[in-house]
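# Residue-level structural notes
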Amino acid sequence: IYKKLEPFPHPRKLKRYFDHLMYVVAIGGPLSVLPQIIQTFQTRDVSGVSLSMWVGALFLTIIWLLYGVIHKETPIIVSQSVYVLTNLAMIGAILVYG
């Protein structure tokens, strides 16, 4: 019933490094799609962009976000929250310019 969780940040240097690195990854990962979003809004060209792919990604992202909330995993919550925003931005661009 009771989990024996490790402390955060971890007292061991390597694990503590990865604890903090996950926040960088949580923000950097979702922001990696920004060039696609910016280009789409600037050019208003969505001819090579798939609405079904972005809607599917949004659906999966919401599931991951719920998982993070249920398990109180802050890096997952942060990452998936930013992904939800980027997915919604791209879906909006496709619907407006498509």
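### Thoughts on the packing of aromatic side chains
Taken as a whole and assessed by the stated rule, the structure comprises three aromatic pairs. Residues Tyr17 and Phe18 carry aromatic rings whose centres are separated by 5.4 Å and whose planes lie at 85° to one another, so their mutual orientation is edge-to-face. Note on Trp64 and Tyr67: the rings are 5.6 Å apart at their centroids and 80° apart in plane angle, and the pair reads as edge-to-face. Here Trp64 and its partner Tyr67 are both found in helix H3 (residues 51-71), three residues apart, which amounts to about one turn of the helix.

### Thoughts on the nonpolar core
Counting 11 residues, the largest nonpolar core consists of Val33, Ile37, Val46, Val49, Trp54, Leu58, Leu65, Val84, Met90, Ile91 and Ile94. Only H3 and helix H4 (74-97) provide two or more residues apiece to this core. For this core, the leading source of residues is H4, giving four residues. Not counting residues within four places of it along the chain, the set of residues in contact with Val84 comprises Leu58, Thr61, Ile62 and Leu65.

### Quick look at the confidence of the model for the protein chain
Interpreting fine coordinate detail is not advised for predicted regions of low pLDDT. Summing up the model confidence of the protein chain, the mean pLDDT is 91 and the portion of residues at 70 or higher is 98%. The secondary-structure element of the protein chain with the lowest mean pLDDT is helix H1 (residues 13-31), recorded at 88, while H3 shows the highest, at 95.

### Re a nonpolar patch on the surface
Together, Ile27, Leu31, Leu34 and Ile38 make up a nonpolar patch on the protein surface, roughly 300 Å² of accessible area in all. The set of elements that each furnish at least two residues to the nonpolar patch consists of H1 and helix H2 (34-43).

### Some remarks on H4
Because each turn of an α-helix spans 3.6 residues, side chains separated by three or four positions end up pointing in the same direction. Spanning 24 residues, H4 covers 35 Å between terminal C-alpha atoms, matching the ideal 34 Å at 1.5 Å per step. Within H4, the full set of buried residues consists of Pro75, Ser79, Gln80, Val82, Val84, Thr86, Asn87, Met90, Ile91, Ala93 and Ile94. Considering only its buried residues, H4 is in contact with H1, H2 and H3.

### A closer look at the packing of H2 against H4
Between two packed helices, what matters for the description is the angle formed by their axes and the separation of those axes. Relative to each other, H2 and H4 sit at 25°, their axes nearing to 10 Å. With respect to each other, H2 and H4 are oriented roughly parallel. By crossing handedness, the relation of H2 to H4 is classed as left-handed. Here Gln36, Ile37, Thr40 and Phe41 of H2 come into contact with H4, specifically with Thr86, Ala89, Met90, Ala93 and Tyr97.

Calculation rules
- Residues numbered from 1 in each chain as written.
- Predicted model: local features only at pLDDT ≥ 70, side-chain atom pairs only at ≥ 80, totals over all residues.
- Heavy atoms only, no water.
- Phe/Tyr/Trp six-rings, centres within 6.5 Å; stacked < 30°, edge-to-face > 60°.
- Helix = DSSP H or I, 4+ residues; strand = E, 2+ residues; numbered from the N terminus.
- Core = buried A, V, L, I, M, F, W, Y, C linked by side-chain atoms within 4.5 Å.
- Buried < 20%, exposed > 50% of the residue type's maximum accessible area, 1.4 Å probe, protein only.
- Contact = heavy atoms within 4.5 Å.
- pLDDT = per-residue confidence, 0-100.
- Patch = residues over 30% accessible without salt bridge, like charges linked within 9 Å, V, L, I, M, F, W, Y side chains within 5 Å.
- Areas by Shrake-Rupley, 256 points an atom, 1.4 Å probe, with all protein chains shown as cover.
- Salt bridge = Lys/Arg side-chain N within 4 Å of Asp/Glu carboxyl O.
- Expected span 1.5 Å × (residues − 1).
- Axes fitted to C-alpha atoms, helices over the stretch in contact; angles between N-to-C directions.
- Parallel < 35°, antiparallel > 145°, perpendicular 65-115°, else oblique.
- Left-handed = near helix turned anticlockwise from the far one by under 90°.

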